[in-house]
Amino acid sequence: MKKSNILLALAAAAVITLPACSTRDTLEEVLIVGQEVPTCSWEVGSTVCKAGESFSFHGKYNIPEGRKGNYCEVWYRVMREESAAATVGLTGSSLSYTKTFASNDTMRAYQPIARYDHSQAEWTNHMFEIDGEVEVSRTLSPVSWVEVENWDADRYNSYYPANFAAEFTAEVINYLTKDSTYYNALRTVYINHPFTNEQFAEVNQKYTLNFPTDFDLTQDDQAAGDKSKAWFSTTTPSDEAIVGYYYTTVENGHTIIHEVGKDVNLEDGKNYYPVYDSAPWVFCRYNDDLGSIISTVRAEYIPAFKDLLATITFSEWIYDGANKVYKVDFSRKYSLQSQFRVYDSEGEEGIASDVREISVN
């Protein structure tokens, strides 16, 4: 029993001793954290500054009793804000599509930019006051690249994300080919873009189609006029314009269109509607729901159009031929999150709580 009591007493002593050391360390840390530091505040002359110039400030501070002032500094970190956009121009007014990108990031962490010796401050009976100026680097000039007349691939690559062009092109092609919502836009691209006869011949062979392949691309309009005539459809109903008929059935909830020739005997019990003369890739027909003629691209031609559209480069997509500009809109601007800091003879640092943001122009 005595031996057990001795061991328990030793264990209890150890338990008591360990917290004592831990408590002593914590108190020392509290004493360090609680050291009195300089107090300060400041104002800036303007929240806007031109790159390569300086902004002014007025600082106020007090040094703890028994110490001397050493110096004060202005620190700032550099924030960068970028926005980029591109708008399709090749489709004319028939399709309005703009892809955008934006980013905000820290270009440079907080670091001292300007230092002022304590001797430069003036005592005003209850605090020290100091005036100064802080330089802003010329490299922080804003950048703007908007609706340019000449394409610059290097500038584009330095301003826009790597996947921007590919995503833009894929989205435009999807809009033009997923259905006939943008039928007129697709027609505009077919007419205005200088697809070659070889390209048309290639998709004809690949998909067994019938695009014309005899356009004279040496004309001033690069055959736009001839292609406009080639992509035609009937707009006014007449018996002479009827080239066939169609009727619809519903299968598994989907409407299926069935075409028949003009001279085929029409079966009783089916509602037939006229199909009108048009380009081979256009399905021009009377729509009973709308009570008018509508035109859509035939489904068998959609893969060919996707192939043709995929040959158009990003810069060609965004070129606005009417205004002769590439429809880009890029901007980069910087701002400075600035701090005022004061240091005393003991090396203690006081930081003004008010961070001043300076917009660089």
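Structure report, in brief.

Conventions we followed
Residues numbered from 1 in each chain as written. Predicted model: local features only at pLDDT ≥ 70, side-chain atom pairs only at ≥ 80, totals over all residues. Heavy atoms only, no water. 1 Å grid on protein atoms, 1.4 Å probe; cavity = no way out; pocket = protein on both sides within 12 Å on 5 of 7 lines; lining within 4 Å. Points joined across faces, edges and corners; volume = space filled by probe spheres on them. Helix = DSSP H or I, 4+ residues; strand = E, 2+ residues; numbered from the N terminus. Nonpolar A, V, L, I, M, F, W, Y, C, P; charged D, E, K, R; others polar. Buried < 20%, exposed > 50% of the residue type's maximum accessible area, 1.4 Å probe, protein only. Arc of directions from axis to C-beta. Contact = heavy atoms within 4.5 Å. Pairing = 2+ DSSP bridges. Core = buried A, V, L, I, M, F, W, Y, C linked by side-chain atoms within 4.5 Å.

It is worth spelling out the layout of surface pockets at this point. Over the atoms a probe the size of a water molecule is rolled, and this reveals where empty space is left. Counted as a void, the largest pocket has a volume near 400 Å³. Contributions of two or more residues to the lining of the largest pocket are made by helix H4 (183-192) and strand S14 (319-320). Class assignment of the residues belonging to the lining of the largest pocket gives a composition of six nonpolar, six polar and five charged. Here the second largest pocket defines a volume of roughly 210 Å³. Considering the residues around the second largest pocket, the lining is formed by 14 residues, among which Thr-296, Val-297, Arg-298, Ala-299 and Ile-302 are closest to the centre. Listed by contribution, the elements that provide at least two residues to the lining of the second largest pocket are helix H3 (164-177), strand S10 (254-261) and strand S13 (292-297).

Turning to helix H5 (residues 197-207), a few remarks are in order. All of the buried residues along H5 are Asn-197, Phe-200, Val-203 and Asn-204. Buried residues of H5, seen end-on, are gathered within an arc of 130° and therefore sit on one face of the element. For H5, the exposed residues lying more than 90 degrees away from the buried face are Glu-198, Glu-202, Gln-205 and Lys-206. In this structure, the buried residues of H5 make contact with H4 and helix H7 (302-309).

Turning our eyes to something else, we now look at the sheet that holds strand S1 (residues 39-44). A sheet is described by the order of its strands in space; here four strands give the open sequence S1-S3-S7-S6, paired in antiparallel fashion. Looking at the sheet topology across the chains shown, the edges are occupied by S1 and strand S6 (122-123). One ladder, built from six bridges, connects S1 with strand S3 (residues 54-62); its direction is antiparallel. From the neighbouring strand, Val-44 faces S3, where its bridge partner is Phe-57.

The next point concerns the nonpolar core. Judged by nonpolar contacts, the single largest core of 55 residues is most densely connected at Tyr-190, Phe-211, Trp-281, Phe-305 and Trp-317. If we ignore the near neighbours within four places in the chain, the residues touching Tyr-190 are Phe-195, Phe-200, Phe-211, Pro-212, Phe-215, Lys-227, Ala-230, Trp-231, Trp-281 and Phe-305. Counting residues in each nonpolar core, the second largest holds 28 residues, with Tyr-76, Val-78, Ile-130 and Tyr-334 among its members.

Here the focus is the pairing of S3. Here S3 shows a buried face lined by Phe-55, Phe-57, Gly-59 and Tyr-61 and an unburied face lined by Ser-54, Ser-56, His-58, Lys-60 and Asn-62. As paired strands, S3 and strand S7 (residues 128-135) are joined by eight bridges and run antiparallel to one another. Directly across from Ser-54, in S7, lies its bridge partner Glu-135.

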